[in-house]
Amino acid sequence: SSNRGNMADPPPNIKHPMRIKIIIKSNKFFIFTHVEKHLSVIKSIDKPSGKEFFMIIALLKENQPEETRVALVPKHIAELTAKGICVHVQSDAGILSGFSNQEYMKAGAEICSTPEETSGDADIIVKMWALNNHSLKPQQTLVCNTANLSTEQLKALSEKRVNVFALDKIPRTSRAQDMDILSSQSNLAGYEAAIIGAANVREVMPLMITSAGSLPPLKAFVMGLGVAGLQAAATLHRLGSVVFAYDIREETRVQALSVGASWVDKLTPEFLSSLKLVITTAQISGKSAPKLLTRQQLQHLPKECVIIDLAAAGGGNIEQKHLSPSIKVIADSFLERRIPHSASTLFSGNVCNFLRLLIEDNEVKPDFQDEIICATMICCHKQSKCF
Ligand code: NAD
């Protein structure tokens, strides 16, 4: 046996030896075998005492009933186990996204039945949404989205000797782009808004010229051209609709044109009454969502119009009480949850890129001078102040 990654050579007289490896972690022996290139735990045995040698990353199942996504997918777990990192996955963590326990095991993860069993020995806990602080042990590191915690809960976390890195605070810079969970998820929400819009309107999206007659292309309007809005406009354009767009930021005018949308400055009654689909995405960080159409403007929308409001979590961009009851409104800030396989894959890619920054030689070693580390660190047991 050996510790920390020394592979014992098989005796020469064995033709097809099963290569095994024993890792000592905390008070346990983990016995691994190789499945293709990856390590897979076949047994763990308690031992009386031991030294910390190896890194364990725990992936917890989401506990919000409406959450369908998972924070790490098997393809990225395989990258971690290939580096000799031991990964514990809570049973059925990926089931709603379409990733089975078997796929995680094939990627080299150990499946654990309870959250405590999954994260008890872990150095890093990865989860989509933050855990409450009671379940974290001193010096454990949590990597997650912290937008579900209040300021008081964040402060309470920073008072424990735990490390918390908030993926929702990744700076919006070119270097951090591949770790930016808000962008990856907004992009998919914008795509899904266009698809759901197309499925809910009563007309076809593209111009159709048939022997039975012609159907005009549908007119759609996207308000707010951040990541979600641009993707919604691009997808509507690809589906063949005539797309109009607007944002308070003048620089988005050229971006609208680049995805095939026409810029609109004046919301005349004629323009509003020609729309069959409106997608709103405008948000202002830390404030309620702005109302984008006045009561009078809303009354010009045709009765068969469909509105998709992606700013619902911030109070919504549309005041529904001023709308005709025949107008269908889908208010949902998490449309990416309807395409959880894709959303989890991109989220997991962001997490993996962030972990590369956090881990060195299979240890948690953040560089406190790094702007991404500084921006995301809610608290760290090695630093006196963070939050
Ligand atoms: P967001 O979700 O905060 O807001 C969506 C859009 O709504 C924004 O474009 C905003 O200007 C617009 N908006 C706000 N109030 C409005 C109003 N009253 N009327 C019309 N529109 C209104 O935005 P986001 O998706 O987070 O992106 C914001 C910006 O950050 C974009 O320019 C995006 O390209 C940029 N960004 C850069 C990076 C990067 O460089 N790594 C990553 C992500 C986003």
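Residues numbered from 1 in each chain as written. Predicted model: local features only at pLDDT ≥ 70, side-chain atom pairs only at ≥ 80, totals over all residues. Heavy atoms only, no water.

Trainee: What is the right way to read the overall build of the chain from this model?
Mentor: Each helix and strand counted, the chain has eleven helices and 20 strands in total. Summarising the internal contacts of the chain: among those between residues at least 6 apart in sequence, 60% fall at separations of at least 24. As presented, the chain carries roughly 18600 Å² of accessible surface, and 52% of it is formed by carbon and sulfur atoms. (Helix = DSSP H or I, 4+ residues; strand = E, 2+ residues; numbered from the N terminus. Contact = heavy atoms within 4.5 Å. Areas by Shrake-Rupley, 256 points an atom, 1.4 Å probe, with all protein chains shown as cover.)

Trainee: Quick question: what am I supposed to make of the sheet that holds strand β20 (residues 377-379) here?
Mentor: In sheet architecture, strand pairing relies on hydrogen bonds along the backbone and comes in two forms, parallel and antiparallel. Spatially, β6-β5-β4-β7-β8-β9-β20 is the arrangement adopted by the seven strands of the open sheet, whose pairing is mixed. At either end of the open sheet lies a strand with only one pairing partner, and these are β6 (110-112) and β20. When the angles between neighbouring strand axes are averaged without regard to direction, this sheet yields 25°. Relative to the sheet, helix α1 (residues 74-82) contacts β4 (56-59) and β5 (86-90), its axis offset from that of β5 by approximately 145°. (Pairing = 2+ DSSP bridges. Axes fitted to C-alpha atoms, helices over the stretch in contact; angles between N-to-C directions.)

Trainee: Any chance you could explain the site of the ligand here in plain terms?
Mentor: Around the ligand sit 18 residues in total, of which R172, S183, V227, D247 and R249 are the nearest. The contact in question runs from an oxygen atom of the ligand to an N or O atom on the side chain of D247, over 2.7 Å. In the environment of the ligand, a nitrogen atom lies 3.5 Å from a nitrogen or oxygen atom belonging to the backbone of I248. About the coverage of the ligand: the protein hides 75% of its 840 Å² of free accessible area. Taken together, the residues of the shell around the ligand break down into seven nonpolar, seven polar and four charged. (Near = heavy atom within 4 Å. Polar contact = N/O pair within 3.5 Å; in protein donor to acceptor, adjacent residues only side chain to side chain. Nonpolar A, V, L, I, M, F, W, Y, C, P; charged D, E, K, R; others polar.)

Trainee: Which parts of the structure should I look at to understand the confidence of the model for the chain?
Mentor: Caution is warranted with low-pLDDT regions, since their predicted coordinates should not be read in detail. In the predicted model, the chain carries a mean pLDDT of 89, and 84% of its residues have values of at least 70. Note that residues 1-8 has pLDDT below 50 and, in this model, 18 contacts with residues that lie over four places away or in other chains. Considering only residues more than four positions removed or in separate chains, one finds that residues 47-52, a stretch of pLDDT under 50, has 13 contacts. (pLDDT = per-residue confidence, 0-100.)

Trainee: I would appreciate a short explanation of the packing of helix α5 (residues 181-200) against helix α10 (residues 340-358) in the present structure.
Mentor: Relative placement of two packed helices is described by the angle separating their axes and the distance separating the axes. It is the contact of α5 with α10, at a shortest axis distance of 9 Å, that shows an interaxial angle of 165°. Relative to α10, the element α5 is oriented roughly antiparallel. The crossing of α5 and α10 is right-handed. Facing α5, whose interface residues are I181, S184, Q185 and L188, α10 presents S342, A343, L346, F347 and N350. (Parallel < 35°, antiparallel > 145°, perpendicular 65-115°, else oblique. Left-handed = near helix turned anticlockwise from the far one by under 90°.)

Trainee: I tried to follow the pairing of β4 on my own but got confused; where do I start?
Mentor: Successive side chains on a regular strand alternate, one facing one side of the sheet and the next facing the other. Here β4 shows a buried face lined by I56 and A58 and a second buried face lined by I57 and L59. Across four bridges, the pairing between β4 and β5 is parallel. Bridge pairing in β5 places I57 opposite V87. Chirality of the crossover, the property in question, places the unit of β4, α1 and β5 among those that are right-handed. (Buried < 20%, exposed > 50% of the residue type's maximum accessible area, 1.4 Å probe, protein only. Right-handed = clockwise from strand over helix to strand, strands pointing away.)

Trainee: Would you take a moment to explain the pattern of salt bridges for this structure?
Mentor: Opposite charge on two side chains lets them pair, provided their charged atoms get close. One pass over the structure, following the stated rule, counts 18 salt bridges. Between E371 and R175 there is a salt bridge, with the nearest N and O atoms lying 3.9 Å from each other. Of this pair, E371 sits in helix α11 (residues 371-376) while R175 sits in the loop between β9 (163-166) and α5, placing them 196 residues apart in sequence. The class of E371 is partly exposed, set by a relative accessible area of 41%. Judged by its relative accessible area of 42%, R175 falls in the partly exposed class. Among the salt bridges present, the one from K321 reaches E319, with a minimum N-O distance of 3.6 Å. By relative accessible area, K321 is classed as exposed at 67%. We classify E319 as partly exposed; its relative accessible area is 28%. Three or more residues are tied together by salt bridges with common partners; here these are E67, R69, E336 and R337. (Salt bridge = Lys/Arg side-chain N within 4 Å of Asp/Glu carboxyl O.)

Trainee: Could you clarify how one ought to interpret the environment of L225 in this entry?
Mentor: You can see L225 is positioned in the loop between β12 (219-223) and α6 (227-238). Take L225: its relative accessible area is 1%, and that puts it in the buried class. In this structure the C-alpha to C-alpha distance between L225 and A282, which are 57 residues apart in sequence, comes to 7.7 Å. In this view, L225 contacts L230, A245, Y246, D247, R249, T252, Q255, A256, W263 and T281; residues no more than four positions away in its chain are not counted.

Trainee: Where do I start with empty space enclosed by the protein in this structure?
Mentor: Rolled over the atoms, a probe sized like a water molecule indicates the empty space that remains. Counting across every chain of the model gives one cavity of 30 Å³ or more. Around the largest cavity, the lining residues are V201, R202, E203, L218, K276 and E304. Looking at the lining of the largest cavity residue by residue, the classes come out as two nonpolar, no polar and four charged. (1 Å grid on protein atoms, 1.4 Å probe; cavity = no way out; pocket = protein on both sides within 12 Å on 5 of 7 lines; lining within 4 Å. Points joined across faces, edges and corners; volume = space filled by probe spheres on them.)

Trainee: Before we go on, may I ask you to explain the packing of α5 against α6 in this structure?
Mentor: At a closest axis distance of 7 Å, the pairing of α5 and α6 adopts a crossing angle of 35°. Considering how the two elements wind past one another, α5 and α6 form a crossing that is right-handed. For the pair formed by α5 and α6, the contact residues are S183, S186, N187, G190, Y191, A194 and I195 on the first element and V227, A228, Q231, A232, T235 and L236 on the second. Along the lines of polarity and charge, the residues of the contact of α5 with α6 split into seven nonpolar, six polar and no charged.

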